[in-house]
Amino acid sequence: MWFEPAEQMNIHEFQARQLLAQYAVPLPAGDVCDSAEAAKSAAAALLATGASRVVIKAQIHAGGRGKGAFKSGFHGGVKLCQSADEAFEIARAMLGQVLVTKQTGAEGRLVSKLLVVAAPQIIKELYCAVLLDRAISRPIVMASTEGGMDIEQVAASQPEKIIREVVHPAVGLMAFQGRKLAVALGLKGELIAAGAKVFAGLYKCWWECDASLVEINPLCIVAGNDGRETLMAVDAKVTLDDNALYRHPNIQAMRDLAEEAPLEIEASKHNLNYIKLDGTIACLVNGAGLAMATMDIIQHYGGQPANFLDVGGGASEEQVTAAFKIILSDPNVKGILVNIFGGIMQCDIIAAGIVAAVKETRLRLPLVVRLEGNNVRLGKQILRDSGLPIISGDSMADAAQKAVQAARSL
């Protein structure tokens, strides 16, 4: 499948536009604004240069903005307007307000920026994206004639509408592949070359920016002022691979901490991979694969994981203590399961870190620890000698069952 990995950085639509523009992807003219006055000026400039309408888009890291609703009662985070005065009123209704969509959850997201762009005359909406197909370990370019729709919905109801072109990473997207995709989308005449150029720019952006996903939905056939049909990326989404951000300080600077969960931000300061979930059993694990297996086995025995937390292969005592503090910041947590396999990491170091963390945080919740691997005997001895009420798990299954039972007893 083509779903995005957990370790990624999202950016706003206006930032995605900035990246795509560097690769000659055609975009409607526009500007980002942080005040109603700026939105009015941007709209006036666009209308003065030939746009018949402009669209105001709330900038948050979530989809479904157009169908969203503000907690103030104002409906829609994407609005068309005919005049600069109307743009001013819409911007004033959006800025500083919390927008709730199907992806934000009930808490919503605060809107602090707006994208004001020319609204072209759309003839046809298409879809295209570049991502990594993990089943075949190759990049793929995906396209569909069903633009403007949720691609997962299209995949479920009309899978034949999704076109996939596999790219050899050593060669890149070939020109004939771009033309093949354009023809498959029903493009004709000059639009075939235009489509191939869009696909080439899209792939190059994905490759050179170390992105996990570059998506245009919709890619539109639009009518130009001269009546000729052209292609334009009307909406864009780019997510970046966290592990490659060190190579892109300019992209890293695009990170918007206001859009991220506070606990996830705190975890990143300690080089911990943390994602909050809705359950009651917190997990502290080394290795993403083991973390996924731990969450699965908790659910298998009737519990619900409260988080994904990977401390990595070489965590220090300080990192383990930081991990415990982050876990305990979640009021839903009723028990903690530590599941460590000592490969690169040694069990005695983790055990010492657990003891120090329990003492520093004055832990009162049930704690189940399962250790295996390097120096496991010494690690278990450190836990026994600590005098702390730590529950030992003999296996992953045993530890999961004990954690679920302990959490239920509270």
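Presented here is a report on the structure given in the accompanying data block. Worth saying up front: this structure is predicted, and the values here are computed from it rather than measured. (Residues numbered from 1 in each chain as written. Predicted model: local features only at pLDDT ≥ 70, side-chain atom pairs only at ≥ 80, totals over all residues. Heavy atoms only, no water.)

## Re the environment of Gln401
- Take Gln401: it is sitting in helix H13 (residues 396-408).
- Between the C-alpha atoms of Gln401 and Tyr301, which are 100 residues apart in sequence, the distance is 6.0 Å. (Helix = DSSP H or I, 4+ residues; strand = E, 2+ residues; numbered from the N terminus.)

## Considering a nonpolar patch on the surface
- Together, Val171, Met174 and Phe176 make up a nonpolar patch on the protein surface, roughly 290 Å² of accessible area in all.
- According to the relative accessible area criterion, Met174 is partly exposed, its value standing at 36%. (Patch = residues over 30% accessible without salt bridge, like charges linked within 9 Å, V, L, I, M, F, W, Y side chains within 5 Å. Areas by Shrake-Rupley, 256 points an atom, 1.4 Å probe, with all protein chains shown as cover. Salt bridge = Lys/Arg side-chain N within 4 Å of Asp/Glu carboxyl O. Buried < 20%, exposed > 50% of the residue type's maximum accessible area, 1.4 Å probe, protein only.)

## Focus: helix H9 (residues 288-300)
- For H9, built from 13 residues, the straight-helix expectation of 18 Å at 1.5 Å per residue is met to within 8% by its first-to-last C-alpha distance of 18 Å.
- Positive backbone phi, approximately 95°, marks Gly302, located one or two places after H9. (Expected span 1.5 Å × (residues − 1).)

## Points about the environment of Asp34
- Structurally, Asp34 is set in the loop between strand E2 (30-33) and helix H2 (36-48).
- As for Asp34 and Leu388, which are separated by 354 residues in sequence, their C-alpha atoms are 53 Å apart.

## Quick word on the sheet that holds strand E8 (residues 114-118)
- The strand order E2-E8-E3-E5 describes an open sheet built from four strands, whose pairing is antiparallel. The open sheet has two free edges, formed respectively by E2 and strand E5 (78-81), since each of these has just one partner strand. Looking at each pair of strands side by side, their axes are set apart by 20° on average, direction ignored.
- Looking at chain direction, E2 and E8 are connected through four bridges and run antiparallel. The residue bridging Asp31 from the neighbouring strand is Val116, located in E8.
- Contacts between helix H1 (residues 13-21) and the sheet are confined to E2, strand E3 (54-58) and E8, with E8 contributing the most and set at about 50° to the helix. (Pairing = 2+ DSSP bridges. Axes fitted to C-alpha atoms, helices over the stretch in contact; angles between N-to-C directions. Contact = heavy atoms within 4.5 Å.)

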